[in-house]
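# Residue-level structure breakdown
Residue-level listing of the chains:
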Amino acid sequence: MILRVEDLAKYFGEVRAVDHITFGIDSGTITSIVGPNGAGKTTLINLISGALKPDSGDIYYNNINIKGMPPYKISKLGIGRSFQIPHIYLNLTTLDNVLVSLYSIKGLTRSMVRDSYSFKDELSRAEAILNMFGLLEKKDMYVYELPHGDRKLLDIAMAFALNPKLVLLDEPTSGVSSREKRRVMKIVDDAIREQGVTALIVEHDMDIVFSYSDKIIVMHQGKIIAEGVPDEIKGDKTVESVLLGGET
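This one's a predicted model, so the numbers in the text were calculated from it and none came from an experiment. (Residues numbered from 1 in each chain as written. Predicted model: local features only at pLDDT ≥ 70, side-chain atom pairs only at ≥ 80, totals over all residues. Heavy atoms only, no water.)

## Some words on a nonpolar patch on the surface
Stated formally: Each patch is built from salt-bridge-free residues with over 30% relative accessible area, joining like charges within 9 Å and nonpolar side chains (Val, Leu, Ile, Met, Phe, Trp, Tyr) within 5 Å. Each accessible area is a Shrake-Rupley estimate made with a 1.4 Å probe; only the visible protein chains count as cover when residues are assessed. We define a salt bridge as a side-chain nitrogen of Lys or Arg found within 4 Å of a carboxyl oxygen belonging to Asp or Glu. Secondary structure follows DSSP: runs of H or I at least 4 residues long count as helices, runs of E at least 2 residues long count as strands, and numbering of each begins at the N terminus.
On the surface, Leu90, Tyr142 and Tyr144 cluster together into a nonpolar patch covering about 280 Å² of accessible area. For leucine 90, the position within the fold is in the loop between β6 (79–82) and α3 (94–104).

## A look at the layout of surface pockets
Put simply, the rule reads: Think of a 1 Å grid over the protein atoms and nothing else: a 1.4 Å probe that fits but is trapped marks a cavity, an open set flanked by protein within 12 Å on at least five of seven lines marks a pocket, and residues with an atom within 4 Å of a point count as lining. Grid points are joined across faces, edges and corners, and a volume is the space filled by probe spheres set on the points. For this classification, Asp, Glu, Lys and Arg are treated as charged, while Ala, Val, Leu, Ile, Met, Phe, Trp, Tyr, Cys and Pro are nonpolar and the rest, including Gly, are polar.
What the largest pocket holds in volume is close to 650 Å³. Around the largest pocket sit 22 residues that line it, and Pro71, Ser75, Arg81, Ser104 and Leu162 are the ones nearest its centre. Elements that contribute at least two residues to the lining of the largest pocket include exactly α2 (71–77), β6, α3 and α5 (148–161). Broken down by element, the lining of the largest pocket gets its largest block of residues, five residues, from α2. Among the residues making up the lining of the largest pocket, the classes are represented as 12 nonpolar, seven polar and three charged. Empty space within the second largest pocket amounts to approximately 240 Å³. In terms of lining residues, the second largest pocket is bounded by 22 residues, among which Asn37, Gly38, Lys41, Thr42 and His204 are the most central. Those elements that provide at least two residues to the lining of the second largest pocket are β2 (15–25) and α1 (41–49). Tallied by class, the residues present in the lining of the second largest pocket amount to four nonpolar, 11 polar and seven charged.

## Quick notes on α5
Convention followed: Helix span is expected to be 1.5 Å times the residue number reduced by one. Categorising residues by exposure relies on relative accessible area from a 1.4 Å probe, with only protein chains included: less than 20% of the type maximum marks a residue as buried, more than 50% marks it as exposed, and the intermediate range marks it as partly exposed. Should any heavy atoms of two residues lie within 4.5 Å, those residues are considered in contact.
Between its first and last C-alpha, α5 extends 20 Å over 14 residues, near the 20 Å set by a 1.5 Å rise per residue. Within α5, 12 of the 14 residues are buried, which leaves it mostly tucked inside the rest of the structure. Buried within α5 are the following residues: Gly149, Asp150, Lys152, Leu153, Leu154, Asp155, Ile156, Ala157, Met158, Ala159, Phe160 and Ala161. Tucked inside the fold, the buried residues of α5 contact β6, α3, α4 (120–132), β7 (166–170) and α6 (178–195).

## Re the packing of aromatic side chains
For clarity, the cut-off: Any two of the Phe, Tyr and Trp rings considered here, Trp counted by its six-membered ring, make a pair once their centres fall within 6.5 Å; the pair's planes then place it as stacked at under 30 degrees, edge-to-face at over 60, or tilted in between. We call a charge positioned above a ring when the Lys NZ or Arg CZ atom is no farther than 6 Å from the ring centre and deviates by at most 35 degrees from the ring normal.
As enumerated under the stated definition, the model contains two aromatic pairs in all. Here the aromatic rings of phenylalanine 133 and phenylalanine 160 are separated by 5.2 Å at their centres, their planes lie at 75°, and the arrangement is edge-to-face. Here phenylalanine 133 is found in the loop between α4 and α5, whereas its partner phenylalanine 160 is found in helix α5, with 27 residues between them in sequence. Comparing phenylalanine 133 with phenylalanine 160 shows no difference in burial state: the two are buried. Relative to tyrosine 144, the ring of tyrosine 142 lies with its centre 5.8 Å away and its plane at 10°, an arrangement referred to as stacked. Exposure remark for tyrosine 142: the relative accessible area of 31% places this residue in the partly exposed category. Over the aromatic face of phenylalanine 210 sits the side chain of lysine 234, whose NZ or CZ is 5.1 Å from the ring centroid.

## Concerning the sheet that holds strand β8 (residues 198–202)
In a beta sheet, neighbouring strands are held together by backbone hydrogen bonds and run either parallel or antiparallel to one another. Put simply, the rule is: Pairs of strands are assigned from DSSP output, requiring at least two bridges between the strands. Axis geometry follows a simple rule: fit a line to the C-alpha atoms, using only the stretch in contact for helices, then measure angles between N-to-C directions, giving values from 0 to 180 degrees.
Read across the sheet, six strands follow the order β6-β7-β8-β3-β9-β10 without closing on themselves; strand pairing throughout is mixed. Of all the strands in the sheet, just β6 and β10 (223–228) have a single pairing partner and so form its edges. The mean angle between the axes of side-by-side strands here comes to 15°, regardless of whether they run parallel or antiparallel. Where strand β9 (residues 215–220) and β10 come together, five bridges link them in antiparallel fashion.

## A few points about the pattern of salt bridges
Considering all chains together, one arrives at 16 salt bridges under this definition. Aspartate 205 is the salt-bridge partner of lysine 181, the closest N and O atoms lying 3.3 Å from each other. With lysine 181 in helix α6 and aspartate 205 in the loop between β8 and α7 (206–212), the pair connects residues that are 24 residues apart, well separated along the chain. For lysine 181, a relative accessible area of 18% puts it in the buried group. For arginine 193, the salt bridge identified is with aspartate 214, shortest N-O distance 3.0 Å.

Have a look at this one:
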């Protein structure tokens, strides 16, 4: 088991965003977290990634308690993250964005990226990552020229540049047109499976969730109300009521 969350809690005043939840994730699997808006999904991702500190509970990654660690230390341990709103550099090229991630490992600033093209290993690695995400032909395009679906893919590609063992993907298809969602998620799924990475995904589109998840965790009002394989979740009447009662 690559990730264990034990009795984890995070409150914002009277709001119990994450309310003493416990679950585990096996290596090499894709687990999706679903639930209505305000269920606590993104807060949970923020706790695991170190963006927020929990009020109580523990988070174990490969049996190391990472609770309260700063994000850069968590990243170095092998946990990568993408965001609902992509954290990318619009005025850099697609290739430069991936190089930013690669050179951040070495403590280089993004102002040094263009001079670092002489580092052939990193350049080859960046191009390989772009190829994995279907972006190699767009490596010289500025990010502001990319359609939204490709921006989402680039954000995830930058997380993969850090060579993670676990990736946390917050709404990988949000804002992507219905026609493009399948293409984006198929590329992401192929990359995850090919690299043997474990993924924890927050996602609203239930068709995507049921098609690509090995396991689904359903949250409501900060608690886990169900977890299981897609067929088990599909047949759960309580889950159906919660998801239909709120925005999914």
